[in-house]
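Residues per chain are reported as follows:
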Amino acid sequence: SQTIHQWPATLVQPVGSPLSLECTVEGTSNPNLYWYRQAAGRGLQLLFYSVGIGQISSEVPQNLSASRPQDRQFILSSKKLLLSDSGFYLCALSIRSGSDTQYFGPGTRLTVL
Amino acid sequence: AQSVAQPEDQVNVAEGNPLTVKCTYSVSGNPYLFWYVQYPNRGLQFLLKYITGDNLVKGSYGFEAEFNKSQTSFHLKKPSALVSDSALYFCAVRDVSSGSARQLTFGSGTQLTVLP
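From a predicted model like this one, the values you see are computed outputs, not experimental measurements.

Parameters at a glance
- Residues take numbers from 1 onward in each chain, read along the sequence in its written order.
- Chains and ligands are labelled sequentially in the order written, the chains with letters from A and the ligands with numbers from 1.
- This being a predicted model, a pLDDT of at least 70 is required before a residue's local features are given, and a value of 80 or more before pairs of side-chain atoms are given or counted; all residues contribute to the totals for chains, interfaces and linings.
- Side-chain measures here rest on the full set of heavy atoms in the structure, leaving out hydrogens and waters.
- The helix and strand labels rest on DSSP assignments: H or I over at least four residues marks a helix, E over at least two residues marks a strand, and numbering proceeds from the N terminus.
- Computation of the radius of gyration draws on C-alpha atoms, with the globule rule given as 2.2 Å multiplied by the number of residues to the power 0.38.
- Relative accessible area decides the class of each residue, using a 1.4 Å probe on protein chains only: under 20% of the type maximum gives buried, over 50% gives exposed, and in between gives partly exposed.
- The set of buried Ala, Val, Leu, Ile, Met, Phe, Trp, Tyr and Cys residues whose side-chain atoms join them within 4.5 Å is what this entry labels a nonpolar core.
- In this analysis, two residues are considered to be in contact whenever any of their non-hydrogen atoms come within 4.5 Å of each other.
- Any two strands are treated as partners once DSSP identifies two or more bridges connecting them.
- Interaxial angles span 0 to 180 degrees and are taken between N-to-C directions of axes, which are lines fitted to C-alpha atoms, for helices over the stretch in contact.
- Disulfides are defined in this document as cysteine sulfur pairs within 2.5 Å.
- Using a 1.4 Å probe, buried area is obtained as the accessible area two parts lose upon being combined, added over both of them.
- What counts as a salt bridge is simple: a side-chain nitrogen of Lys or Arg found within 4 Å of a carboxyl oxygen of Asp or Glu.
- Within 3.5 Å is the distance limit for a polar contact, defined as a pair of N or O atoms, with the added protein rule that one can donate a hydrogen and the other accept it, and that residues adjacent in sequence qualify only through two side-chain atoms.

### Section: the overall build of chain A
And then number 1: Within chain A one finds 0 helices and 11 strands.
And then number 2: Along its sequence from the N terminus, chain A presents helices and strands in the succession β-β-β-β-β-β-β-β-β-β-β.
And then number 3: Computed over the C-alpha atoms, the radius of gyration of chain A is 13 Å, within 12% of the 13 Å expected from 2.2 N^0.38 for a compact globule of 113 residues.
And then number 4: With the C-alpha coordinates of chain A rotated into their principal frame, the extents come out at 40 × 25 × 20 Å.
And then number 5: When the 113 residues of chain A are sorted by exposure, 47% land in the buried category.

Take a look at the structure:
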């Protein structure tokens, strides 16, 4: 079965600093990959999704960007963090030939001070 | 377009009592429906899904959900609640006819608290 790793687990960064969050997956090939942000322990906001290497779609305009340099690697980045970027960031995958079930990683808690 | 609503932010139930967490959806075509659970500072865990077939779907940890097409609902249920069921629950939907990225739309979540 598939496994999702997210690194780091927690991060505290000052406003204006850069950001790089990494998501790697095991146990499946050519998945769809997703980045979500969850604020205040509630609803999920889809930030980016990717259907393949180098293919990124953005759901909302924001201070963040995403890249998929390898089939099983999905990176969330920012050049300059804002206070509003604080939140719980979740990476997820779905298997293209499956029933669209999304499987989630353990998440990264980002606090911007 | 697809959407999902969880009308209750908070549900409290006594241990041993049955629990229900409500979900209604809206899609243009036929839905795929999902329930997830989230414990504090963890990712979402998949509980169960409805794709087609029997309207009553059984999932992990004794949970089940009933698909009701006429009421466009997919309520999560469990016959006897445990304190360990206390968590945040999310309903999600995908319109079968929607795009290639197979995106899900998530509800806002319902915090379930099971009281000892």
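Text resumes after the structure shown.
### Here we look at the nonpolar core
And then number 1: Trp35(B), Leu47(B), Leu48(B), Phe74(B), Leu76(B) and Tyr89(B) are the most contacted members of the largest nonpolar core, which has 27 residues in total.
And then number 2: Counting only elements with at least two residues in this core, the list comes to strand S2 (10–14), strand S3 (19–21), strand S5 (31–38), strand S6 (44–50), strand S8 (64–68), strand S9 (73–78), strand S10 (87–95) and strand S12 (110–115) of chain B.
And then number 3: Among the elements that take part in this core, S10(B) stands out by supplying 4 residues, more than any other.
And then number 4: Those residues in contact with Tyr89(B) that lie beyond four places of it in its chain are Gln6(B), Trp35(B), Tyr36(B), Val37(B), Leu47(B), Phe63(B), Leu76(B), Gly109(B), Thr110(B) and Leu112(B).
And then number 5: Leu19(A), Leu33(A), Trp35(A) and Ala66(A) belong to the second largest nonpolar core, which has 19 residues in total.

### Section: the sheet that holds strand S7 (residues 65–70) of chain A
All names here are of chain A.
And then number 1: Sheet architecture is open: 4 strands sit in the order S1-S3-S8-S7, paired in antiparallel fashion. Single-partner strands in this sheet number two, and they are strand S1 (3–7) and S7. Taken over all neighbouring pairs, the strand axes of this sheet differ in orientation by 20 degrees on average, direction set aside.

### Topic: the state of the cysteines
All names here are of chain A.
And then number 1: Under the counting rule described, the total for this entry stands at 2 disulfides over all chains.
And then number 2: Across the disulfide, Cys23 is cross-linked to Cys91 (sulfur-sulfur distance 2.0 Å). Residues Cys23 and Cys91 share a disulfide whose torsion about the S-S bond is about -70 degrees; that sign makes it left-handed. Residue Cys23 is found in strand S3 (residues 19–26), and its partner Cys91 is found in strand S9 (residues 87–94); the two are separated by 68 residues along the sequence. The same class applies to Cys23 and to Cys91, which are both buried.

### What about the environment of Cys91(A)?
And then number 1: Owing to a relative accessible area of 0%, Cys91(A) belongs among the buried residues under this scheme.
And then number 2: For the pair Cys91(A) and Phe104(A), spaced 13 residues apart in sequence, the C-alpha separation works out to 5.9 Å.

### Describing unusual backbone geometry
And then number 1: In the segment running from Trp7(A) into Pro8(A), the intervening peptide bond is cis, with an omega of -5 degrees.
And then number 2: Of note, Pro8(A) is situated in the loop between S1 and strand S2 (10–13).
And then number 3: Phi angles above zero are rare outside glycine, and Asn30(A) is one such case at about 55 degrees.
And then number 4: At Tyr61(B), a residue that is not glycine, the phi angle is positive and equals roughly 60 degrees.
And then number 5: On the secondary structure map, Tyr61(B) appears in the loop between strand S7 (56–58) and S8.
And then number 6: Given a relative accessible area of 51%, Tyr61(B) falls into the exposed group.

### Examining the interface of chain A and chain B
And then number 1: Across the boundary between the two partners, chain A contributes 25 residues, which contact 25 residues of chain B.
And then number 2: Counting the surface lost from both chain A and chain B, the interface buries some 1800 Å², and carbon and sulfur atoms represent 49% of this.
And then number 3: At the boundary of chain A with chain B, the tally comes to 0 salt bridges.
And then number 4: At the boundary of chain A and chain B, one finds 5 residue pairs in polar contact (both at pLDDT 80 or more).
And then number 5: At the level of secondary structure, the elements contributing two or more residues to the side of chain A that touches chain B comprise strand S4 (32–38), strand S5 (44–52), S9 and strand S10 (102–104) of chain A.

### A word on the environment of Ser97(A)
Residue and element names in this part refer to chain A.
And then number 1: In this fold, Ser97 is placed in the loop between S9 and S10.
And then number 2: Given the relative accessible area of 73%, Ser97 is considered exposed.
And then number 3: When the C-alpha atoms of Ser97 and Leu110 are compared, they prove to be 33 Å apart, with 13 residues separating the residues in sequence.

### Examining the side chain of Gln38(B)
And then number 1: Relative to the assigned elements, Gln38(B) resides in strand S5.
And then number 2: According to the relative accessible area criterion, Gln38(B) is buried, its value standing at 6%.
And then number 3: In this structure the side chain of Gln38(B) is engaged in a polar contact, spanning 2.8 Å, whose partner is the side chain of Gln38(A).
And then number 4: Polar contacts involving the side chain of Gln38(B) include one to the main-chain carbonyl oxygen of Arg42(B), which spans 2.7 Å.
And then number 5: Aside from chain neighbours lying at most four places away, what touches Gln38(B) is Gln38(A), Phe88(A), Leu90(A), Gly43(B), Leu44(B), Ala87(B), Leu88(B) and Phe90(B).

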